[in-house]
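Each chain is listed here by its residues.
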Amino acid sequence: MSPVSPRRLKALCVKEARQILRDPSSGIIAFVLPLMLLVIFGYGINLDASRIRLGLSIEDGGQAAASFAAQLTGSTYFEVFPGSRPELDAMLEEGRIRGYAVLARDFSRLLEEGRDTAPIQIVTDGAEPNTASLIEAFMRNAWQDWRQARARDLGQDTAQGADIRVRYWFNPAAVSRHYLIPGSITIIMTVIGAMLTSLVVAREWERGTMEALLASPVTRTELLLSKLLPYYVLGMISMAVVALAAVHFMGVPFRGSVPALVVVTSVFLLSMLGVGLLISSVMRNQFDSAQTTLNAAFLPAVMLSGAFFVIASMPAPLRALTYLLPPRYLVTSLQTIFLAGDVWEVLVPDILFMTGTSVLFLTLAALKTARRLDE
Amino acid sequence: MSWATRILALIRKELQILLADPQSRKLVVIPVLLQVVLFPLAATLEVRNNTLAVLDEDGGQAAAELTQRFARARAFTSVIHLAGAGQIAAVIDSQKAIAVVRFGPDFSRKAAQGVAAPMQLILDGRRSNSSQIAAGYIQDITTTYFNERAGNQGRPPASELVVRHRYNPNLEYRWFILPSLVAIILTVSALILTALSMAREREHGTLEQLLVSPLTPEMIMLGKASAVLLVGIFQASVIITAAVLVYGVPLSGSLALIYASAVFYFAALAGVGFFISALCSTQQQAFLGSFAFIMPAILLSGYASPVENMPVWLQQATWINPIRHFMVITKSIFLKDVPVAFVLESAIPLAVIAAFTLSAAVLIFRRRFG
Amino acid sequence: MEAATLSGLTKTFKGLAAPALSDVSGTVRSGVVTGVAGPDGAGKTTLMRLMAGLLRPDGGSLSVLGRDPSTQAGNLRLRVGYMPQKFGLYEDLSVLENLTLHADLRNVTGDARRETFARLLSFTDLAPFTTRLAGKLSGGMKQKLGLACALLGTPELLLLDEPGVGVDPISRRELWRMVRELAGQGIAVVWSTSYLDEAEACDEVLLLNQGRLLFAGRPADLTGRMRGRCLHLGGVAGRRRRALSALLRRPEVTDGVIQGANLRIVLKENAARPDPAAAGIEGRPEWKEVAPRFEDAFIDLLGGGPGGESALANAANPRPDSRESLIVAEDLTKMFGDFAATDRVSFAVRQGEIFGLLGPNGAGKSTTFKMMCGLLTPTSGRAEVMGIDLRRSPSRARQRLGYMAQKFSLYGKLTVRRNLEFFSGVYGLSRSAARRAVESMIDSFHLQPFLDAVTEDLSLGYKQRIALACACMHEPDILFLDEPTSGVDPVTRREFWNHINGLVEKGVTIMVTTHFMDEAEYCDRIGLVHHGRLIALAPPDDLKAAAASTALPDPTMEDAFIELINRQEAS
């Protein structure tokens, strides 16, 4: 018997398509959940603190202190809360401000003495480390800017340091959303790819329809392909929906090409569909499949793909583990296609690795696809 | 006293089921261990082990000395030297380097003259958070370098910005992750144990068996919630112990206060779990329902990024998210030793959420089952 | 011609101590219906799956249509039709879409497909429903559609796994008619069943119990061995249940049940008829020989019935005799959408009575039952127990009733002892009372060897015993038993009825549902439920008498049921 009969394959795919169209839950997983997540990720996860609540204690009555305080108050980075040190300490403890600056009593005098130094004390809330380091960086910039402006006003020759011009390529305003959204899309596609297939195959086992299929002349290849093809198409459609939403509603640029997006999405989806098929062939019930998918696909995609966290900073064994995870490659590919363009030095290795994971997981799934009940 | 007998029987039954079945026993223990090991190591926004590219058009002493200092920083394990401006695009595009430092032709000369020395920093905006942090390091190193030069030449240093990070002096990311993790891990298991176990009892028909007995729906929920509380206290203790003993996170506040507020938190979680299970009729739906709650709830809790960075409408919406409140409690007790009054400010919303979800669950439950 | 030959077939599943099939040999011949019969856990499904090539045997050999299904499955799949227990239908596809899928899979195309579809649709009477989703079909229609799908591509061997489950008696007769017709065309049909009356209707039978073959051959050959040993005792005055248990204590008697007004007794081989007067039976009892049934032979093969004692009932305290109506349903109706699961049902059950609701699966028995226990809210009408609506009942009222659900509904993951302890706690028994109750249940149901076994690993018979134990631990006055004996072997069924009979003798009121027609005869009164309606309510003998006609002077309960449905539909 030939491994694939076009008629049988078509019949199985048509059946699968009908089920997708009739089952509201596949629609929810494929379209509603992704859009909901995209909105959450897009708006909810934002590492750019645009208006950090900063306390300010001016203990010096001089003009210089007032001038620097005015600059801080006028800054778009900070929302300034004046107060005494004890007040600010209390606010910091309660998390109502994330840091405060103290302009000490001799601030103006030291500056007046022309020594160009004045003690500024910055206290941050280390319980929010990311915000704390942002405060430190913003304060350094603000202080340097103010000193240079002051020196210009006084006609002094000031700058002895470097004049650093910072430029963020692909993302000039360094908007974190622009790199978080490609990462989020990766997580969404992981859930769709693995969850959807693992649930549908498990459902066939639970409802006994798998037994009827196994008793028919269907071959292993047909069985596998009939699950891959429809959900591949579904995955591609939801990628299109999510990508369009990201570009049109979230304002993420799209500098690469559609064919590049199609290729990386394809190899990624094949890997994740393979993972889903593998899980459901082993588990054979929806409850266990869903839980395994959560632990084996979703959590690693969040933690280890580089979508949110920095792979380079992880310990070496974890870094090694990430090479096995298809989401890792999709994250860099999508970040590149959306923000930079078709940079083949990045995309080609990613595509090759994902082709490798596709082959790996699909082979495992094929080996585990039963042709009998006791296999 | 038959009331107490019944509740005790329910609690004992829940715990027996949880611990008798290897699969559910795994569910109680393995995710906790896995997450305690994996999350603190993986969840980091620190910048380390990156590659920095340097284009030195100057060739002078200051540029060379700075380059050496960059190479010594923990953020950069290797430094690539570029031959010309044409190579900048290639290293950034292909992500071979996270940043390119370009020293202008007269960098060292101007530095020696005390004039602003031109230096360009080009960063990969695809990873803008890491890039920003890397830029911060480079600016720091540069400023320190010039200050030291000025000091050596007998001139006063350029500025005196004294930064102290209170509660977490070295901005250890783990000190932030582990207290948050207490809240997150408990969420997952508490919801699974309430929503799913209720759905499972319904699917297996055991719920009917309980409902024809003298038990009321409230008793059944109380039994489950108490069992979940016991399991959760155990899991919380594991994480807290690991945080303090293995990861060295300081526990500044009172342990008793964490446990006391955990009771409120579990009441809120159990409420959400029962509410979900009241709306669902199968385990499948309960699972999807819990997933649909857990994922946004965790991501919008202040764990992935601070709540105050969200748009105002979303900040207000997160008030109904129990994880957000409990995470404030754990973080501030761990790192800040806050007073009871402050903890109460977050515990009250938890109590409100619990009261609302529990009574809604009981109402739906009573309507469906008479 | 032999379609399948089994010799010494053995199959063991990982993690299970006992083999699912052990040394089973037999043949399946073309042109006849072969029954694979036995209670739950007998190994029927394993045997069917082995023949379908879905499992590989661990020992012995199997040849299907001259080939080995474990190595040459590819060739066989076009020649063997298989209908799994859960039908294998896609519930979200329509009748025609299910048929089309299986036709494509089996290469039935073009004119042949048109012709086959037309033939199968008229054969199964599904033609008017081709666009209906399979999930929306009734149990009988699903079964027919499953059969139609299995028949595509004209198989030489047709394997039907429990096709009679969940089908009303009328559809079941139709199904039999269809299967007989197929056998007449030369197809080998295998029909697996746990109903022994179905097994009796097969041409040949493989009778299994706990993985072992008890009998292979024509059912009549087995039944024939019982000739002369099956008797009716009529004319019993006073309490029939007391009389039955007296007779079951006699050494000559191996098995006995109540059958309407008569006692049906099976004697040991070569035993003389016992003297009813000597057993203390009043009235003018009279013996009459009746035709043996397949079930008699099966019980005989298993070593006879369980006797007539019930330790459970012996330990129970007698309830005062009030004869008042404890359970009342009045115009009880439950709508699911526009479908009436229970339609204006009224009845009353007196104290100390066994009241049975009889009807096929899906007829609305369980819905009615759940409304009585307060588990479902009636759309309209009244459901009261002890004068109280249980939905609004205080715990005190529910303390007085016991409930055993249709599906096994104890905690499968817990051990037997823990389940017993849990339910004693749920009913608020004090520590010492709980200990006494648990000990008494262990004794009554012989649970000692299984106390530390995980409940879900036990056989269905033991699960049901434990479920009954948990329902009785707090000595309820009213017992609700929803299909307590479904799927269990006939010996365990007898044991259950011993308990039920004994408890009723102690004044406990019992409401029971069943789809076993013969079990209905053990009740004092039965209500026949069909499509949500109570179509008759009377003592079993009256129902049979009402259905009697010149053509069928002595109808069985099933005959009576079908006759009453037909009359109902005619009017």
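Quick caveat, the model's predicted, so the values are computed rather than measured.

A few words on the interface of chain A and chain B. A common way to state how big an interface is: give the accessible area lost once the parts meet. Across the contact, 94 residues belong to chain A and 95 residues belong to chain B. Here chain A packs against chain B, burying approximately 8,600 Å² in sum over the two surfaces, 62% of which is carbon and sulfur. Counting the contacts that link chain A with chain B gives five salt bridges. A salt bridge links D140 of chain B to R140 of chain A, with the nearest nitrogen and oxygen atoms 2.8 Å apart.

Turning our attention to the domain arrangement of chain B. When the domains of chain B are assigned, the result is domain 1 (50-152) and domain 2 (172-368). Averaged C-alpha coordinates put domain 1 of chain B and domain 2 of chain B at centres separated by 47 Å.

Okay, the interface of chain A and chain C next. On the chain C side, the residues contacting the 26 residues of chain A number 28 residues. A per-residue breakdown of the area chain A buries against chain C is headed by R7, E211 and R372 of chain A, which together make up 21% of the total. Our count for the contact surface shared by chain A and chain C stands at three salt bridges. Close ionic contact of E97 of chain C with R22 of chain A constitutes a salt bridge, the shortest N to O distance being 2.6 Å. Our count for the chain A to chain C interface comes out at ten residue pairs in polar contact (both at pLDDT 80 or more). When contributions to the side of chain A that touches chain C are tallied by element, the ones reaching two or more residues are α1 (6-22), α7 (176-207) and α8 (209-214) of chain A. Across the side of chain A that touches chain C, the residue classes tally to ten nonpolar, four polar and twelve charged.

Residue and element names in this part refer to chain C. As assigned here, chain C comprises domain 1 (2-223) and domain 2 (225-308). Here the C-alpha centre of domain 2 lies 37 Å away from the C-alpha centre of domain 1. Facing the 14 residues of domain 1 at the interface are eleven residues of domain 2. Between domain 1 and domain 2 lies a buried interface of about 1,100 Å² when both sides are counted; carbon and sulfur atoms form 74% of it.

Residue and element names in this part refer to chain B. At their nearest, the axes of helix α7 (residues 173-204) and helix α9 (residues 217-246) sit 9 Å apart, and the two run at 155° to each other. Looking at the two axes, α7 sits roughly antiparallel to α9. In this structure, the crossing between α7 and α9 has a hand that is right-handed. Counted together, L178, L181, V182, I185, L186, S189, A190, L193, T194, S197, M198 and E201 of α7 and I220, M221, K224, V228, V231, G232, Q235, A236, I239, I240 and A243 of α9 form the full contact between these two elements. A class-by-class count of the residues in the contact of α7 with α9 yields 16 nonpolar, five polar and two charged.

Turning to the sheet that holds strand β22 (residues 533-538) of chain C, a few remarks are in order. All names here are of chain C. Taken in spatial order, the six strands line up as β18-β19-β20-β16-β21-β22 in an open sheet, and their pairing is mixed. Among the strands making up the open sheet, the edge pair consists of β18 (401-404) and β22. The mean inter-strand angle of the sheet, taken between neighbouring strand axes irrespective of direction, is 15°. Relative to strand β20 (residues 509-514), strand β16 (residues 354-358) is paired through five bridges, and the arrangement is parallel. Residue pairing for β20: G356 is matched across the bridge by V512. Together, β16, β21 (525-530) and β22 form the strand contacts of helix α20 (residues 557-570), whose direction differs from that of β21 by roughly 55°.

With that settled, consider empty space enclosed by the protein. Inspection of every chain in the model, using the stated rule, returns eleven cavities of 30 Å³ or more. Estimates place the volume of the largest cavity at around 400 Å³. Taken together, 25 residues line the largest cavity, and the ones lying closest to its centre are F298 and L299 of chain A together with V188, I294 and I298 of chain B. Taken together, the elements giving at least two residues each to the lining of the largest cavity come down to α11 (286-304) of chain A together with α2 (22-42), α7 and α11 (283-299) of chain B. Here the lining of the largest cavity is composed, by residue class, of 21 nonpolar, four polar and no charged.

Reading guide: rules and limits
- Residues numbered from 1 in each chain as written.
- Chains lettered and ligands numbered in written order.
- Predicted model: local features only at pLDDT ≥ 70, side-chain atom pairs only at ≥ 80, totals over all residues.
- Heavy atoms only, no water.
- Contact = heavy atoms within 4.5 Å.
- Buried area = accessible area lost by both parts, 1.4 Å probe.
- Salt bridge = Lys/Arg side-chain N within 4 Å of Asp/Glu carboxyl O.
- Domains from an automatic or database assignment.
- Polar contact = N/O pair within 3.5 Å; in protein donor to acceptor, adjacent residues only side chain to side chain.
- Helix = DSSP H or I, 4+ residues; strand = E, 2+ residues; numbered from the N terminus.
- Nonpolar A, V, L, I, M, F, W, Y, C, P; charged D, E, K, R; others polar.
- Axes fitted to C-alpha atoms, helices over the stretch in contact; angles between N-to-C directions.
- Parallel < 35°, antiparallel > 145°, perpendicular 65-115°, else oblique.
- Left-handed = near helix turned anticlockwise from the far one by under 90°.
- Pairing = 2+ DSSP bridges.
- 1 Å grid on protein atoms, 1.4 Å probe; cavity = no way out; pocket = protein on both sides within 12 Å on 5 of 7 lines; lining within 4 Å.
- Points joined across faces, edges and corners; volume = space filled by probe spheres on them.

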